[in-house]
Amino acid sequence: MHWTTKRVLALGAHPDDVEIMCSGTLFALGQLGHELHVASLTLGDCGSLELSAEEIRCIRHREAIEACKTLGATYHHAGFDDLQIFNDSNSNRRVTALLREVDPWMVITHSPNDYMSDHETTSLLVRNACFYASIPNYETKAGAAGSTLNVPYLYYAQPMEGMDIFGKKVTPQFYVDISIWMQQKLEMLACHESQRNWLRAHHGMDEYIESTRRFNILLGERASTISGRSISYSEAFRQHRGHAYPDDNGLTRFLKEVIITEPDY
Ligand SMILES: [Zn+2]
């Protein structure tokens, strides 16, 4: 291989968020030999109508591990509770500890604006942790890994349905053609059976899988229009390019052929 393989961390609020946001892109990176890590801040303990928080937490933990096996990724969770992700000092230290433990070259997380507070706060905590992890005097907890050497590349996935809380479309910076990985993405998502069953009972159809498919088709249509190619499924991202973060698009180093830049961004 003519490049050094990298460590990639995708981090969401809940155990199935990474699958929905970016697992197609992760499969593409995994095939190139990169080391994949998937993390959720919570174990989704509010994700059931019948089971107690403790019961559903155990089930979802198992499902997340199974899902990560299909990707060849290591799964981490940070021990937060559902609907209790706040931007406070302790939370910043916990997420920074995770960043130091994995020490990724690249991170993908939620959009800074999304449909629920857990997602938005996770986005902010991850943004902070990418920066704080490299500051030696910022302490996390005893025995935790030391500070990192570099601020990683940071990417934000599209918000739910590609819209902000005002119902306005969020234009991504670029698309990744995930057509050849779509089946595996959906199989990975289907490992989260407790969530799939809940939505299936509620909607009378396999809405869990179908809404993800629909969204990736929509992004694929736009990528097709721009590129003039026929792209069935896409994921889309924006890069954090503020001071101290790498601002060249590191993903193009590895996925150049499947990246389509949005001219309207
Ligand atoms: Zn979520």
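Here the structure is shown first, and the text comes after it.
Residues numbered from 1 in each chain as written. Predicted model: local features only at pLDDT ≥ 70, side-chain atom pairs only at ≥ 80, totals over all residues. Heavy atoms only, no water.

## A short note on the pairing of strand E5 (residues 153-157)
The element E5 is largely enclosed, with a buried count of 5 among its 5 residues. Along E5, one buried face is formed by Tyr-153, Tyr-155 and Ala-157 and the opposite face, lined by Leu-154 and Tyr-156, is buried too. Bridging between strand E4 (residues 106-109) and E5 involves 4 bridges; their strand directions are parallel. Paired with Val-107 across the strands is Leu-154, a residue of E5. Judged from the 3 bridges that link them, E5 and strand E7 (residues 234-239) form a sheet pairing that is antiparallel. The residue of E7 that forms the bridge with Ala-157 is Phe-237. (Buried < 20%, exposed > 50% of the residue type's maximum accessible area, 1.4 Å probe, protein only. Helix = DSSP H or I, 4+ residues; strand = E, 2+ residues; numbered from the N terminus. Pairing = 2+ DSSP bridges.)

## Side note on the packing of helix H3 (residues 89-102) against helix H4 (residues 117-132)
Remark: H3 packs on H4, axes separated minimally by 8 Å, with the N-to-C direction vectors making an angle of 60 degrees. It follows from the interaxial angle that H3 and H4 lie oblique. Between H3 and H4 lies a crossing of right-handed hand. Two secondary-structure elements touch here, H3 through Ser-91, Asn-92, Val-95, Thr-96, Leu-99 and Arg-100 and H4 through Leu-125, Val-126, Asn-128, Ala-129, Cys-130 and Tyr-132. Of the residues contributing to the contact of H3 with H4, the split by class is 7 nonpolar, 4 polar and 1 charged. (Axes fitted to C-alpha atoms, helices over the stretch in contact; angles between N-to-C directions. Parallel < 35°, antiparallel > 145°, perpendicular 65-115°, else oblique. Left-handed = near helix turned anticlockwise from the far one by under 90°. Contact = heavy atoms within 4.5 Å. Nonpolar A, V, L, I, M, F, W, Y, C, P; charged D, E, K, R; others polar.)

## Digging into the coordination of the zinc ion
Taken together, His-14 (ND1), Asp-17 (OD), Asp-17 (OD) and His-119 (NE2) make up the full set of protein donors to the zinc ion, lying 2.1 to 2.4 Å away. One way to put it: the 4 donor atoms around the zinc ion meet at angles of 56 to 132 degrees, and that makes the site irregular. Counting residues between consecutive donors of the zinc ion along the chain gives the motif H-x2-D-x101-H. With Asp-17 in helix H1 (residues 17-31) and His-119 in helix H4, the pair connects residues that are 102 residues apart, well separated along the chain. What makes Asp-17 buried here is its relative accessible area of 7%. (Donors = N, O, S within 2.8 Å, 3.2 Å for Na, K, Ca; no water. Tetrahedral: all angles 85-135°; square planar, octahedral: opposite > 155°, others 65-115°.)

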